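Spelled out from the first residue to the last, the chains are:
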Amino acid sequence: MAEHVRVAVIGSGFGGLGAAVRLRREGITDFVVLERADSVGGTWRDNSYPGCACDVPSHLYSFSFAPNPDWPRTFSGQEHIRAYLEHVTDTFGLRPHLRLGAEVRRMTWDAQELRWDIETSAGRYSADVVVSATGPLSDPKVPEVPGLDSFPGKVFHSARWDHDHDLTGQRVAVIGTGASAIQIVPAIQPKAGRLTLFQRTPPWVMPRVDRAISGAERALHRALPLTTQLRRGLLWGIRELQVQAFTKHPNQLGLVEKLAKQNMARSIKDPALRAKLTPNYRIGCKRILLSSTYYPALTQPNVDVVASGLSEVRGSTLVAADGTETEADVIVFGTGFHVTDMPIAERVVGADGRTLAESWKDGMEALRGAAASGFPNWMTIIGPNTGLGNSSMILMIESQLNYMADYLRQLDVLGGRAALDARPSAVHAWNRRVQDRMKRTVWNTGGCTSWYLDASGRNTTIWPGTTGEFRRATRRVDLAEYEVLRAPAANSEGEKAKKDDKDEVTA
């Protein structure tokens, strides 16, 4: 028999745990967190590759309601962020709500009962409201490369790192030059016999000004929590001031481009290599990457850069699109994730029997980044057009948690068995405003192809404004943007009452 709860949260990364904490703070304890893995952490559990760290400062990449005065570094490593999420889980008493090893296989809206029926690998659940917090960086994307099945060596994605495989002395091919790859390359270069980087598009790279946070600083933050808030506020404010350049005046990024070129020139003395590594698009069009070790690693004698993508595998020979051939023992894919085609969308079946993936076949869109039309009482955290190109996603998550909390309050005010379904007109109006603002941004005008864009070239990933603007836009639920649904029995009683009233008037 299915366990029924008021709210089912899907995923236990920052979004899912944040939702769970907010539910408890709202006085709601009738909920479960469905997690497919055997522990919490989301992307910070899955990505444990060598060198894995965050490119957002520690004090900004943490919940405002759970400040951590003991971050060891200004930019935290994966192990510290994962430990922080475990700490949040314990501090806020979330473990009784966790259902680990419960991968969601299908969610179906029951229009008669006004609830979601959820099939998982660990049993069945039903819920009045579903909060999907699976995140866009949860399902690795591996390109379909002809002949890959014939490769005799080891193959794995950066988010599924094989820690049992020793890379010492091996010929390693790293495919991709995104945020993961530029951390992996310097971390494994010293032990690899030969390291070949297949680069389809070079990234813009700025120095990563990382340092250990002193014991005195941490003691100050513990003794005076206000200092932690001030530090966080300063980091936030600086990034808010940068947004105009990304969203309205991309030409202002020319100075940043010059600094990035100077950063490259300090490490890359070979003109031919420097030419390979110099992007031909406006900085910021793809995410600006931070590393002080990437360029130096590429100059080492055991490293080769192939300025072309991998096009074919012939046994242990890797063939690039430009014809370059490389022998390898290990292939590491740093090729990102299914962001604009999230697999969870194929498992959500809405009111009209269509999956969310079918509803989004022409591009993802959701009201205020949270609610999709035709999917009542279903919300997503880090939904369409809520991503950021220069700041902390935790800020966006907390704004969406505000929206979630008010959504549940509105259901309480409505009373009885009720559901809210985003009106198509409201979804389209919101999405039209977002896309109109997107036209001027560096992400759309910078001359690059990025994972921010979907198959049709639309940017359905990034928020084209400040985090403050988004917080204001998600502070309250506007019921005018939703259709209120009632259970059929309640509707029948309402119609009967209207008929009785009419009969009395007629008499």
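These figures come from a predicted structure and were not determined experimentally. (Residues numbered from 1 in each chain as written. Predicted model: local features only at pLDDT ≥ 70, side-chain atom pairs only at ≥ 80, totals over all residues. Heavy atoms only, no water.)

1. Brief notes about the sheet that holds strand 12 (residues 303-306)
Strand order in the open sheet formed by 5 strands is 7-16-8-9-12, and the pairing between neighbours is parallel. Of all strands in the sheet, those with a lone pairing partner are strand 7 (154-157) and strand 12, marking the two edges. Geometrically, the sheet is characterised by an average inter-axis angle of 15° between neighbouring strands, direction not taken into account. Across 4 bridges, the pairing between strand 8 (residues 171-175) and strand 16 (residues 330-333) is parallel. Its bridge partner lying in strand 16, Val174 is registered against Val332. Strands strand 8, strand 9 (194-198) and strand 16 of the sheet are contacted by helix 4 (residues 181-188), whose axis makes an angle of about 165° with strand 8. (Pairing = 2+ DSSP bridges. Helix = DSSP H or I, 4+ residues; strand = E, 2+ residues; numbered from the N terminus. Axes fitted to C-alpha atoms, helices over the stretch in contact; angles between N-to-C directions. Contact = heavy atoms within 4.5 Å.)

2. Let's talk about the environment of Tyr49
When you line up the elements, Tyr49 lands in the loop between helix 2 (43-46) and helix 3 (78-91). Taking relative accessible area as the criterion, Tyr49 reaches 6% and is therefore assigned buried. Measuring from C-alpha to C-alpha, the distance between Tyr49 and Gln229 comes to 31 Å, with 180 residues separating the pair along the chain. If sequence neighbours within four positions are ignored, Tyr49 has contacts with Ser158, Trp161, Ala179, Ser180, Gln183 and Ile184. (Buried < 20%, exposed > 50% of the residue type's maximum accessible area, 1.4 Å probe, protein only.)

3. Overview of the pattern of salt bridges
A side chain of one charge can pair with a side chain of the opposite charge when the charged atoms of the two come close. Going through the model one piece at a time under the given rule, you end up with 33 salt bridges. A salt bridge links Glu217 to Arg231; the nearest nitrogen and oxygen atoms lie 3.2 Å apart. Note that Glu217 is positioned in helix 5 (residues 215-223) and Arg231 in helix 6 (residues 225-247), a separation of 14 residues in sequence. Residues participating in the shared-partner salt-bridge network are Arg22, Glu26, Asp406 and Arg409. (Salt bridge = Lys/Arg side-chain N within 4 Å of Asp/Glu carboxyl O.)

4. Some thoughts on the packing of aromatic side chains
By the definition in use, this model includes 16 aromatic pairs. Pairwise contacts between aromatic rings join Phe14, Trp44, Tyr61, Phe63, Phe65, Trp71, Tyr84 and Phe92 into one cluster. Geometry around Trp463 places Arg437 over its ring, the cationic atom sitting 5.6 Å from the centre. (Phe/Tyr/Trp six-rings, centres within 6.5 Å; stacked < 30°, edge-to-face > 60°. Lys NZ or Arg CZ within 6 Å of the ring centre and 35° of its normal.)

5. Considering the nonpolar core
Grouped together as the largest cluster of nonpolar side chains are 105 residues, with contacts concentrated most on Phe14, Val174, Leu298, Leu367 and Tyr482. Leaving out residues up to four positions away in the same chain, Leu298 has contacts with Val185, Leu197, Leu273, Leu277, Val303 and Val305. By size, the runner-up hydrophobic cluster in this structure holds 28 residues, among which are Leu34, Val104, Val130 and Trp360. (Core = buried A, V, L, I, M, F, W, Y, C linked by side-chain atoms within 4.5 Å.)

6. Things to note about the sheet that holds strand 13 (residues 310-314)
Pairing is antiparallel across the open sheet formed by 3 strands, whose spatial order is 13-14-15. Each edge of the sheet is formed by a strand with only one pairing partner; in this case those strands are strand 13 and strand 15 (325-327). Within the sheet, the average angular offset between the axes of one strand and its neighbour, ignoring direction, is 25°. Bridge count for strand 13 against strand 14 (residues 317-320) is 4 bridges, and the pairing is antiparallel. When the bridges of strand 14 are listed, Leu310 appears paired with Ala320.

7. A look at helix 12 (residues 424-438)
Residues that lie three or four places apart on an α-helix share one face, since the helix turns once every 3.6 residues. For helix 12, built from 15 residues, the straight-helix expectation of 21 Å at 1.5 Å per residue is met to within 8% by its first-to-last C-alpha distance of 21 Å. Buried residues of helix 12: Ala426, Val427, Trp430, Asn431, Val434, Gln435 and Met438, and no others. Across the axial projection of helix 12, the buried residues extend over an arc of 160°, all falling on one side. The inward-facing, buried residues of helix 12 contact strand 19 (418-422), helix 13 (442-445) and helix 14 (467-473). (Expected span 1.5 Å × (residues − 1). Arc of directions from axis to C-beta.)

8. Comments concerning the pairing of strand 9
Taking burial as the measure, the 5 residues of strand 9 include 4 buried ones, the bulk of the element. Relative to strand 9, strand 8 runs parallel, the two being bridged by 5 bridges. Paired with Ala173 across the two strands is Thr196, which belongs to strand 9. Between the parallel elements strand 8 and strand 9, the chain passes through helix 4 in a crossover that is right-handed. Bridging between strand 9 and strand 12 involves 4 bridges; their strand directions are parallel. By the bridge assignment for strand 12, Leu197 is matched with Val305. (Right-handed = clockwise from strand over helix to strand, strands pointing away.)

9. Some points on unusual backbone geometry
Of note in this structure, Asn377 is not a glycine but carries a positive phi near 50°. Assignment of secondary structure puts Asn377 in the loop between helix 10 (356-359) and strand 18 (378-380). Of note in the backbone geometry, Ile382 takes a positive phi value of approximately 60° without being a glycine. Relative to the elements of secondary structure, Ile382 occurs in the loop between strand 18 and helix 11 (393-414).

10. Here's the deal with the side chain of Thr228
Along the chain, the position of Thr228 falls in helix 6. Once you skip the residues sitting within four places of it in the chain, Thr228 turns out to touch His59, Pro67, Pro69 and His221.

11. With respect to the state of the cysteines
This model, assessed by the stated rule, comprises 1 disulfide. Considering cysteine sulfurs only, Cys54 is the nearest to Cys52, which forms no disulfide, with 8.8 Å between them. Here Cys54 falls in the buried class, since its relative accessible area comes to 4%. (Disulfide = S-S within 2.5 Å.)

12. A word on the confidence of the model for the chain
Looking at the chain as a whole, its pLDDT mean stands at 95, while 96% of the residues score no less than 70. In this model, residues 490-507 is a region of pLDDT below 50 whose contacts with residues beyond four sequence positions or in other chains number 1 contact. (pLDDT = per-residue confidence, 0-100.)

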